[in-house]
Amino acid sequence: MNSKPGVDVQFLPSCLFCLSGAMEDVTGAQLVAEALKAQKVDYMFGVVGIPVMEVAMAAQAAGIKYVGMRNEQAACYAASAVGYLTGRPVVVIGGSSDQKLETTGAFQEFPQVEACRLYSKFSARPSSLEAIPSVIEKAVRTSLYGRPGACYVDIAGDMVNATVDRSRVRFASCCPPPPVSLADHGAITEAISVLKAAKRPLVIIGKGAAYGRAETALREFVEMSGLPYLPTPMGKGVLPDDHPNCVAAARSRALLQADVVLLLGARLNWILHFGIPPRFDPHVKIIQVDLCAEEMGNNVRPAVALLGDINAIVTQLLMCLCKDSWKYTSDTEWWSSLKAKMSANSKMSKALALQSTGLMNYYTVFHHVSQLLPHDCIIVSEGANTMDIGRTMLNNYLPRQRLDAGTFGTMGVGLGFAIAAAALEKSENRGRRVVCVEGDSAFGFSGMEVETMCRYNLPVIIIVVNNNGIYSGVDLETWKEMAKMGDLTSIAPPVTLLPEARYDEVMAAFGGEGFLVRTVEELCEALQLSLRNWERPSLLNVLIEPSSDRKQQEFPWLTRSNL
């Protein structure tokens, strides 16, 4: 639906917005914009066309910042990123064919409301102009309450410019914030008892802990209890990656040998290998903390289920722990085993990073990038090896400052995420840099969004780790030899991309800074220049060895489930 796309919006903290009760005609587009503003919408991301163009213009008139993207997919990613960073989920506003033409085969007629019910918490089309504010309020409220999630509101094409007397409209005030729920006191006591009895305990910090703003209580709990912790990809930075209790560098051993896991706002899905052997001990006891009752027991039945707000439950655990001052000491065999594995893995990564023959590898790039990045920067990442290795080598020190492909493993998220983060940073004038680290394949999904960055003067730093392919590629000379052999569609491996593609020149074409990087010296110089440049975006096209790969893994990256 390219000529008539939806608009993605994201919501910030609620407060009442008073609307005039004056007798006047108001359009459907104005009602949508005013209803969004009443729910304190600050940002809208989209690609406009007929009939939603008027909605975007009305939103700007109402004081909403509109960021025009090049791709609807990237607009959705941007909206979801702002929602995550600010704590308010996403509502999608879409345009559809005229109501009076329904079932006639109208332009782009499609059962959008019905289709979106499969993928959203709430999906509806206002039955009249008068109902628009109340439907949008319900979408916002539904998106916030329980497990946060996206909602969809469909606006028929003939409703956008239609008018109604303002006095007939059912206006809705801001929905209140969601209620905070606590876990059962008996379950809290039981959870502490299970932790105390553990020989090899582990805390897993998930994205839910980041979204729930649990960092302060969680840091106190970890330091008081002495427990080792492992962040999931989007849980990085809730507690600093360089904290002495962080065992991310021994991830496989921690998961495999833990006998009790305190699971904080993370799902036992493929990211955590479903919580089952061979990646987990078959007898592991899970203490599951989640906001969603339906999530309890997915794949592994929990020994203790703590249902409620993550921050509130961690505070409950902390209070229970304070009563007898129990602490898991650092001189245990478990801590010694984890520290030994962390040290061995660190030495292996460092040895790979310092290899100096030929082009750089992933470890070389990330080793030098990590030394130059500010501790308060927001790191956006996507790709295969680029994202996986980057998770272990690019540290996060503050909560909600890592954005990556997450559970769905979707490619193309990076530039949308980066645009959202940079727009938010620019608006709030916090002075934190946004650094987007991409594989060359991942960059290709949303590469035209560099124009969006240039158009809005968003000083994003993009680092494309370019190995000429998906997972792996071929060098330029090999490519030329293959081209001599015949039709490349029959000869070139499916994973190959154009060798040494000039992604840096794509950025430069739109007015940003582009750097072609082949050596460590060029990498460091280009990154330092980019970090000093607050005027426009930049892209470092970092050429690495096409056959560069991850260090040998104990397990394959994706554990196949036998469920």
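Procedures and definitions
- Residues numbered from 1 in each chain as written.
- Predicted model: local features only at pLDDT ≥ 70, side-chain atom pairs only at ≥ 80, totals over all residues.
- Heavy atoms only, no water.
- Phe/Tyr/Trp six-rings, centres within 6.5 Å; stacked < 30°, edge-to-face > 60°.
- Helix = DSSP H or I, 4+ residues; strand = E, 2+ residues; numbered from the N terminus.
- Buried < 20%, exposed > 50% of the residue type's maximum accessible area, 1.4 Å probe, protein only.
- Pairing = 2+ DSSP bridges.
- Axes fitted to C-alpha atoms, helices over the stretch in contact; angles between N-to-C directions.
- Expected span 1.5 Å × (residues − 1).
- Contact = heavy atoms within 4.5 Å.
- Polar contact = N/O pair within 3.5 Å; in protein donor to acceptor, adjacent residues only side chain to side chain.
- Patch = residues over 30% accessible without salt bridge, like charges linked within 9 Å, V, L, I, M, F, W, Y side chains within 5 Å.
- Areas by Shrake-Rupley, 256 points an atom, 1.4 Å probe, with all protein chains shown as cover.
- Salt bridge = Lys/Arg side-chain N within 4 Å of Asp/Glu carboxyl O.
- Core = buried A, V, L, I, M, F, W, Y, C linked by side-chain atoms within 4.5 Å.
- Left-handed = near helix turned anticlockwise from the far one by under 90°.
- Nonpolar A, V, L, I, M, F, W, Y, C, P; charged D, E, K, R; others polar.
- Arc of directions from axis to C-beta.

Student: Explanation requested: the packing of aromatic side chains in the structure shown.
Tutor: How two aromatic rings sit relative to each other is set out by the distance from centre to centre and by the angle between their planes. Under the counting rule described, the total for this entry stands at 3 aromatic pairs. For the pair Tyr77 and Phe417, a centre-to-centre distance of 6.2 Å together with 80° between the ring planes defines the contact as edge-to-face. Taken together, the residues span a long stretch of sequence, with Tyr77 in helix α3 (residues 72–86) and Phe417 in helix α15 (residues 413–428) at a distance of 340 residues. A relative accessible area of 14% places Tyr77 in the buried class. Judged by its relative accessible area of 9%, Phe417 falls in the buried class. Judged by centre distance (5.3 Å) and plane angle (65°), the rings of Phe443 and Tyr503 are edge-to-face. Taken together, the residues Phe443 in helix α16 (residues 440–445) and Tyr503 in helix α20 (residues 503–509) connect sequence positions 60 residues apart.

Student: Sorry, what's going on with the sheet that holds strand β9 (residues 201–205) here?
Tutor: Pairing between the strands of a sheet is mediated by backbone hydrogen bonds and can be parallel or antiparallel. Read across the sheet, 5 strands follow the order β10-β9-β11-β12-β13 without closing on themselves; strand pairing throughout is parallel. The strands lining the two open edges of the sheet, one partner per strand, are β10 (229–231) and β13 (304–307). Sheet twist, expressed as the mean angle between neighbouring strand axes with direction ignored, is 15°. Relative to strand β12 (residues 285–290), strand β11 (residues 260–264) is paired through 5 bridges, and the arrangement is parallel. Residue Leu263 lies in a different strand from β12, and its bridge partner there is Gln288.

Student: Would you mind showing me how to read helix α11 (residues 310–322) here?
Tutor: Because the α-helix completes a turn every 3.6 residues, residues three or four places apart line up on one side. Counted at 1.5 Å a residue, the expected span for α11 with its 13 residues is 18 Å, and the 18 Å between its end C-alpha atoms agrees. Where α11 is buried, its residues touch α7 (185–197), α8 (207–211), α9 (215–225), β11, β12 and β13. The opening residue of α11, the one whose side-chain oxygen lies 3.2 Å from the backbone nitrogen of Asn311, is Asp309.

Student: Before we go on, may I ask you to explain the pairing of β13 in this structure?
Tutor: Side chains Val304 and Leu306 of β13 all project onto a buried face; the interleaved residues Ala305 and Leu307 project onto a face where none is buried. Of the strand pairs in this sheet, β12 and β13 are connected by 4 bridges, and their pairing is parallel. Of the residues in β13, the one forming a bridge with Gln288 is Ala305.

Student: Which parts of the structure should I look at to understand a nonpolar patch on the surface?
Tutor: Together, Val48, Ile50, Met53 and Met57 line one region of the surface with nonpolar side chains, adding up to about 380 Å² of accessible area. The topology assignment puts Val48 in the loop between β3 (41–46) and α2 (53–61). Since its relative accessible area comes to 33%, Val48 is described here as partly exposed.

Student: Just checking my understanding: could you explain the side chain of Glu130 for this structure?
Tutor: Relative to the helices and strands, Glu130 is located in the loop between β6 (123–124) and α5 (132–144). The exposure class of Glu130 is buried, given its relative accessible area of 13%. Among the polar contacts made by the side chain of Glu130, one reaches the side chain of Ser128 at a distance of 3.3 Å. The contacts of Glu130, once residues within four sequence positions are left out, are Val164, Arg168, Val169 and Arg170.

Student: Looking at this structure, I do not really get the sheet that holds strand β21 (residues 538–543). What am I missing?
Tutor: Read from one edge to the other, the open sheet built from 6 strands follows the order β15-β14-β16-β17-β21-β20, with strand pairing classed as parallel. Among the strands making up the open sheet, the edge pair consists of β15 (402–404) and β20 (513–517). Ignoring which end each strand starts from, the neighbouring axes of this sheet average 15° apart. Both strand β17 (residues 461–466) and β21 contribute to a ladder of 6 bridges, which runs parallel.

Student: I keep staring at the nonpolar core and nothing clicks. Help me out?
Tutor: General note: in soluble globular proteins, nonpolar side chains tend to be found buried as a group. Core analysis: the largest hydrophobic core is formed by 106 residues, its most contacted members being Phe45, Leu218, Phe221, Leu306, Leu403 and Ile462. Here the element with the most residues in this core is α15; it accounts for 10 residues. Other than its neighbours up to four places away in sequence, Leu218 contacts Ile205, Ala209, Val238, Leu239, Leu264 and Val314.

Student: Any chance you could explain the pattern of salt bridges here in plain terms?
Tutor: Where charged atoms of side chains with opposite charge meet at close range, the side chains can pair. By the definition in use, this model includes 27 salt bridges. For Asp241, the salt bridge goes to Lys236, with nearest N and O atoms at 2.5 Å. Judged by relative accessible area, Asp241 falls into the buried class, the value being 11%.

Student: Any chance you could explain unusual backbone geometry here in plain terms?
Tutor: Among all residues except glycine, the phi angle is most often negative; among peptide bonds, the trans geometry is most common. Omega for the bond connecting Pro277 with Pro278 falls within 30 degrees of zero, at 10°, which places this linkage in the cis form. For Gln108, which is not glycine, the phi torsion reads 60° and is therefore positive. Mapped onto the elements, Gln108 comes out in the loop between β5 (90–96) and α4 (112–116).

Student: How do you make sense of the pairing of strand β16 (residues 434–439) when you look at a structure like this?
Tutor: Both faces of the sheet carry side chains from a regular strand, because those side chains alternate between them. The element β16 is largely enclosed, with a buried count of 6 among its 6 residues. Alternating residues of β16 divide into Val434, Cys436 and Glu438 and Val435, Val437 and Gly439, and every residue in both groups is buried. One ladder, built from 5 bridges, connects strand β14 (residues 378–382) with β16; its direction is parallel. The residue bridging Val380 from the neighbouring strand is Cys436, located in β16. Pairing between β16 and β17: 5 bridges, direction parallel. Looking at β17, one finds that Gly439 is bridged to Val465.

Student: In this structure, what is going on with the environment of Lys341? I would like to understand it.
Tutor: With respect to the helices and strands, Lys341 occurs in helix α12 (residues 333–353). The class for Lys341 is partly exposed, based on a relative accessible area of 24%. Remark: the alpha-carbon pair of Lys341 and Arg251, spanning 90 residues in sequence, is separated by 9.2 Å. Once residues lying within four places of it in the same chain are set aside, the contact partners of Lys341 are Ala249, Ala250 and Arg253.

Student: Got a minute to help me understand the packing of helix α1 (residues 28–38) against α5 in this structure?
Tutor: Each pair of packed helices can be summarised by the angle the axes make with each other and by the distance between the axes. Relative orientation of the contacting elements α1 and α5 amounts to 35°, with a least axis distance of 9 Å. In terms of crossing hand, the pair formed by α1 and α5 is right-handed. Counted together, Gly28, Leu31, Val32, Ala35 and Leu36 of α1 and Ile132, Pro133 and Ile136 of α5 form the full contact between these two elements. Residue classes in the contact of α1 with α5 are distributed as 7 nonpolar, 1 polar and no charged.

Student: I'm lost on α9 in this one. Help?
Tutor: Taken together, the buried positions of α9 are Glu215, Ala217, Leu218, Phe221, Val222 and Ser225. What you see down the axis of α9 is that its buried residues fit within an arc of 160°, all on one side. On its buried side, α9 packs onto α7, β9, α8, β10, β11 and α11. Trailing α9 by a residue or two, Gly226 shows a phi angle of about 75°, which is positive.

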